[in-house]
Amino acid sequence: MSIPVASRTQTQSSSELAAKTEDDGSSATCRSSNHLKPPDGGWRAWSVVGGAWRNASARLWTDDALHLQNIPADITIARRMQRNWGFCHLAAVAHAALSVIPGWFNRRRGTAFGILATGSSVGGVVFSLVVGRLSARLSFGWAIRVCALLILFLMAIAFCTIKTTQPPSPRPFSLKHFCTPLTETRFLNLAVGLFLFTFGFYIPLNYIAAEATFGGAPAHWATYLVPILNATRIGSGLISDKVGKYNVFIIVCYLTSIFSLGLWTATKTAGTRIAFATLFGLFSGAYVTLLPALVHQISPQPEIGLRLGLVYLGCSVGGLTTNPIAGTLLESRVGWQGAKIFGGLMCFFGTSFVLAARWSQSRSLTAVI
């Protein structure tokens, strides 16, 4: 039985159209898949890291540089303004820079965050020295103006380089949606752990120079302990991609608590204080380096910004209340030893909650988590 030519032509046209549609659909799916898959490298991806690096180096001057000015560190207005500005900048600028990294990196995400964290180390060292030197030669006001101009330059570069791989998807605010991540056990453990660790992280950072001066060290020498602490705040992110982000954080932060409880409480000489600043900066750097990566690992991509915001909200409360609590301890009978022990215990308990978050993902001790 023969098929009419018109019918064959129509059948062929339909088949070709269906094949073309299928090919176009496959191509579109492929393009969409490629668009959503992080490139894990390339000039554009690393330029985003470079912009975020400049952002981080600009942010740290609020946390570290002003420690050199001998501002009363308990509940003074100046210290509160410093902290409030630092966390406002973190929420409005730094948080956005951190949130775009997962869109560019997956397999090398820990390395990307590790490189980004070195910006905070460089910023902490450079701005601390700049403020200290210029305050002595010019004035504190002109030192801050010079820092502000430098920050403006760095932020302009960050503005031009930081881009996202996906367009934003705004949604109306919902209290239920805002609180939903807190109903997940592993996220709640992580958030509580990082909140507690914040106290143990900021007490040495805020008081290490004052404690050295109280112990008899020259003031000009004690001010270099903060740059030493900042300069060693690297390394954790670079090995976390192979060992596991949670594994690295838990190990080095338990060591941080040991150094706070065992070494800082026994410091008597300049050598032990330098050793503590070096070791504390090296191991506690995981708090700065891996915090965003820990949140990203247990969060769906559309909710990374929300969950990072929740974690930093808790950490900001810890950062704002650390100095009043530590100042109260210093004025009590426990004195410096009480403040040091409190910081070490907060590091220990905070890391234990992060361990619980890791345990909920895998109970295998050898798993790369």
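1. Re the overall build of the protein
Alright, step 1. Check the secondary structure of the protein and you find 16 helices and zero strands.
Alright, step 2. Per-residue burial over the protein gives 47% buried out of 369 residues.
Alright, step 3. Partitioning the contacts of the protein with sequence separation of at least 6, the portion at a separation of at least 24 is 82%.
Alright, step 4. Carbon and sulfur atoms make up 68% of the accessible area of the protein, which totals about 17900 Å².

2. Some words on the packing of helix 13 (residues 245–263) against helix 14 (residues 270–297)
Alright, step 1. At a closest axis distance of 8 Å, the pairing of helix 13 and helix 14 adopts a crossing angle of 150°. By the angle between their directions, the pair helix 13 and helix 14 is classed as roughly antiparallel. The interaxial crossing formed by helix 13 with helix 14 has left-handed handedness. For the pair formed by helix 13 and helix 14, the contact residues are Lys245, Tyr246, Val248, Phe249, Val252, Cys253, Leu255, Thr256, Phe259, Ser260 and Leu263 on the first element and Ala275, Phe276, Leu279, Phe280, Phe283, Ser284, Ala286, Tyr287, Leu290, Ala293, Leu294 and Gln297 on the second.
Alright, step 2. Across the contact of helix 13 with helix 14, the residue classes break down as 18 nonpolar, four polar and one charged.

3. Quick notes on the packing of aromatic side chains
Alright, step 1. One pass over the structure, following the stated rule, counts 15 aromatic pairs.
Alright, step 2. Seen in terms of ring centroids, Phe197 and Phe249 are 6.0 Å apart; in terms of plane orientation they differ by 55°. Their pairing is tilted. Placement of Phe197 in helix 9 (residues 185–214) and of Phe249 in helix 13 is noted, with a sequence separation of 52 residues between them. Exposure class is identical for Phe197 and Phe249. Each is buried.
Alright, step 3. Following the ring pairs from residue to residue traces out a cluster consisting of Phe197, Phe201, Tyr202, Phe249, Trp264, Phe276, Phe280 and Tyr287.
Alright, step 4. Between Arg145 and the ring centre of Trp142, over which it is positioned, the NZ or CZ distance is 4.8 Å.
Alright, step 5. Across the ring face of Phe187, the terminal group of Arg307 is positioned such that the distance to the ring centre comes to 5.2 Å.

4. Regarding a nonpolar patch on the surface
Alright, step 1. Among the surface-exposed residues, Leu261, Ile341, Leu345, Phe348 and Phe349 lie close enough to one another that they form a single nonpolar patch of about 380 Å² accessible area.
Alright, step 2. Of all the elements, helix 16 (residues 335–361) adds the most residues to the nonpolar patch, at four residues.
Alright, step 3. Its location among the elements puts Phe349 in helix 16.
Alright, step 4. Overall, Phe349 belongs to the partly exposed group, its relative accessible area being 39%.

5. A few points about helix 15 (residues 304–331)
Alright, step 1. Under the 1.5 Å per step criterion, the end-to-end length of helix 15 is 41 Å for 28 residues, consistent within 8% with the ideal 40 Å.
Alright, step 2. Of all bends in helix 15, the biggest is about 35°, found at Thr321, and the proline Pro324 comes one to four residues later.

6. Let's talk about the environment of Pro38
Alright, step 1. Along the polypeptide, Pro38 turns up in the loop between helix 1 (5–36) and helix 2 (43–59).
Alright, step 2. Placed 68 residues apart in sequence, Pro38 and Asn106 show a C-alpha to C-alpha distance of 6.2 Å.

7. As for the confidence of the model for the protein
Alright, step 1. Confidence in the prediction for the protein averages 77 pLDDT; 76% of positions are at 70 or higher.
Alright, step 2. Mean pLDDT values over the elements of the protein span from 42, in helix 1, up to 95, in helix 16.
Alright, step 3. A low-confidence stretch, residues 1–35 (pLDDT under 50), is modelled with three contacts involving residues beyond four sequence positions or located in other chains.
Alright, step 4. Residue range residues 68–81 is modelled with pLDDT below 50. Its contacts to residues more than four positions away, or to other chains, number 26 contacts.

8. Here's the deal with the side chain of Ser362
Alright, step 1. Tracing the sequence through the fold places Ser362 in the segment after helix 16.
Alright, step 2. In contact with Ser362, not counting residues within four places along its chain, are Ala367 and Ile369.

9. A look at the packing of helix 14 against helix 15
How two helices pack is summed up by the angle between their axes together with the distance between the axes.
Alright, step 1. Taken N-terminus to C-terminus, the directions of helix 14 and helix 15 make an angle of 135°; their axes are 9 Å apart at the nearest point. As far as their axial angle goes, helix 15 and helix 14 are oblique. In this structure, helix 14 meets helix 15 at a crossing whose hand is right-handed. On helix 15, the residues that touch Tyr287, Leu291, Pro292, Val295 and His296 of helix 14 are Ile304, Arg307, Leu308, Val311, Tyr312 and Cys315.

10. Description of the environment of Leu263
Alright, step 1. Secondary-structure assignment places Leu263 in helix 13.
Alright, step 2. On the accessibility criterion, Leu263 (22% relative accessible area) is partly exposed.
Alright, step 3. Separated by ten residues in sequence, Leu263 and Arg273 place their C-alpha atoms 8.6 Å apart.
Alright, step 4. In contact with Leu263, other than residues within four places in its own chain, are Ile258, Ala275, Phe276 and Leu279.

11. So, the pattern of salt bridges
Alright, step 1. Taken as a whole and assessed by the stated rule, the structure comprises four salt bridges.
Alright, step 2. Between Glu211 and Lys340 there is a salt bridge, and its shortest N-O distance comes to 3.1 Å. Placement of Glu211 in helix 9 and of Lys340 in helix 16 is noted, with a sequence separation of 129 residues between them. Taken as a pair, Glu211 and Lys340 share a single burial class, namely buried.
Alright, step 3. The salt bridge involving Arg307 is made with Glu303; its shortest N-O contact spans 3.1 Å.
Alright, step 4. By relative accessible area, Arg307 is classed as buried at 2%.
Alright, step 5. One network of salt bridges, with partners in common, ties together Glu184, Glu303 and Arg307.

Thresholds, definitions, all that
Residues numbered from 1 in each chain as written. Predicted model: local features only at pLDDT ≥ 70, side-chain atom pairs only at ≥ 80, totals over all residues. Heavy atoms only, no water. Helix = DSSP H or I, 4+ residues; strand = E, 2+ residues; numbered from the N terminus. Buried < 20%, exposed > 50% of the residue type's maximum accessible area, 1.4 Å probe, protein only. Contact = heavy atoms within 4.5 Å. Areas by Shrake-Rupley, 256 points an atom, 1.4 Å probe, with all protein chains shown as cover. Axes fitted to C-alpha atoms, helices over the stretch in contact; angles between N-to-C directions. Parallel < 35°, antiparallel > 145°, perpendicular 65-115°, else oblique. Left-handed = near helix turned anticlockwise from the far one by under 90°. Nonpolar A, V, L, I, M, F, W, Y, C, P; charged D, E, K, R; others polar. Phe/Tyr/Trp six-rings, centres within 6.5 Å; stacked < 30°, edge-to-face > 60°. Lys NZ or Arg CZ within 6 Å of the ring centre and 35° of its normal. Patch = residues over 30% accessible without salt bridge, like charges linked within 9 Å, V, L, I, M, F, W, Y side chains within 5 Å. Salt bridge = Lys/Arg side-chain N within 4 Å of Asp/Glu carboxyl O. Expected span 1.5 Å × (residues − 1). Bend = angle between axes of the 7 residues up to and from the residue. pLDDT = per-residue confidence, 0-100.

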